[in-house]
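Structural characterization, general
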Amino acid sequence: MGITLEMMGTGSAFAKNYFNNNALLYVNDATIMIDCGITAPAALHKMGKSFGEIDAVIVTHLHADHIGGLEEFAFQMKFLYERKPKIIVPEALLHPLWENSLRAGLEQEGIQSLDCYFEVYPVKEREPFAVTEGLTIEYTQTEHIPGKLSYSLFIGEHTFYSADLQFDLALLEYVHHERKCRTILHDCQLSLPGVVHAGIDQLLTLPTDIQRKIYLMHYGDNMPDFEGKTGEMRFIRQHKTIVIENVES
Ligand SMILES: O=c1ccn([C@@H]2O[C@@H]3COP(=O)(O)O[C@H]3[C@H]2O)c(=O)[nH]1
Ligand SMILES: [Zn+2]
Ligand SMILES: [Zn+2]
């Protein structure tokens, strides 16, 4: 079963030249979104796509560049497309996602919970979850902001997706040696220091066999200044597809 990934955006939370760091996964006939930030509606429009093509959304954490587009997604799916997409959320984030983020906009007479808009799937960390045929994900809780829950993802058999993550050598060694991931999509902070994201200086200390697997994402508008200065790592570009799992693998 093949999995293709296309970044809807590759920008940091404050980037203006790149959309928010959200992704699409194409699996068989299904299209799954990883995060849905403030710029997600405009990014999809730029890509010639619409929310009507999305079957599911996977939430990594509750910053606006990752969930700020969910209100429009919910409204469009309910009132325009009249269909309930799946929402996959780490179990511990389900309550705050509704109570602290979405409820103010989405609650109205007769509509008082997230499941009025979505098929809701709370998922425990480190437990594989089948999003659709051909796509299993696994959440792992990772360090991003002190006191704030945030999760990275294993996608299928061979891919690690950091979402927003501080530099974590032990985790990346585990991803490389034990999980044997072939592709690592990692956020990066180009303007140093990287405090709540991995700094490019920290990522450059990784062994080259790990660097070779890394696509850098979630970068600032100064990304062009760093072309050719990222060791064995590459910048992933928004709106370009990469195959992360082949049909035969
Ligand atoms: O303790 C903090 C909390 C937040 N921030 C900034 O706000 C941004 C929120 O989205 P993000 O997680 O993509 O990136 C974060 C940082 O750019 C920070 O620098 N330090
Ligand atoms: Zn972010
Ligand atoms: Zn964040």
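Residues numbered from 1 in each chain as written. Chains lettered and ligands numbered in written order. Predicted model: local features only at pLDDT ≥ 70, side-chain atom pairs only at ≥ 80, totals over all residues. Heavy atoms only, no water.

1. Examining the UniProt feature "domain: Metallo-beta-lactamase" (unreviewed entry) in the protein
Rule in force here: UniProt positions are given in the numbering used here, feature names are shortened, and annotations may be inferred rather than shown by experiment. In this text, helices come from DSSP runs of H or I with a minimum length of four residues, and strands from runs of E with a minimum of two, each type numbered from the N-terminal end.
In the numbering adopted here, UniProt assigns the feature "domain: Metallo-beta-lactamase" (unreviewed entry) to residues 20-218. Secondary structure over residues 20-218 splits into 28% helix and 26% strand, and the C-alpha atoms at its two ends are 7 Å apart.

2. So, the sheet that holds strand β7 (residues 129-132)
Here is the rule: We call two strands paired when DSSP finds no fewer than two bridges between them.
Reading across from one edge, β7-β8-β9-β10-β11-β12-β13 is the order of the 7 strands in this open sheet, with mixed pairing throughout. Only two strands of the sheet have a single partner each, and these edge strands are β7 and β13 (234-235). As judged from the 3 bridges shared by strand β10 (residues 159-161) and strand β11 (residues 183-187), these two strands associate in the parallel manner. Looking at β11, one finds that Tyr161 is bridged to Leu185.

3. So, unusual backbone geometry
In this structure, the amide linkage connecting Leu192 to the following residue, Pro193, adopts the cis form with an omega of 0 degrees. In this fold, Pro193 is placed in the loop between β11 and α6 (200-203). The backbone phi angle of His239 is positive, close to 70 degrees, even though this residue is not glycine. Inspection of the secondary structure puts His239 in the loop between β13 and β14 (241-245).

4. Examining the coordination of the zinc ion (ligand 3)
Spelled out, the test is: Donor atoms are limited to N, O and S found within 2.8 Å of the metal ion, a distance that becomes 3.2 Å for Na, K and Ca. With water left out, some sites might look partial.
The zinc ion (ligand 3) binds to the protein through His61 (NE2), His63 (ND1), His144 (NE2) and Asp164 (OD); the donor distances cover 2.2 to 2.3 Å. All donors to the zinc ion (ligand 3) come from one chain, and their sequence spacing reads H-x1-H-x80-H-x19-D. A spacing of 3.7 Å is found between the zinc ion (ligand 3) and the zinc ion (ligand 2), which share Asp164 as a donor. Of the two residues, His61 is situated in the loop between β4 (56-58) and α2 (64-67) and His144 in the loop between β8 (135-141) and β9 (151-155); the sequence distance between them amounts to 83 residues.

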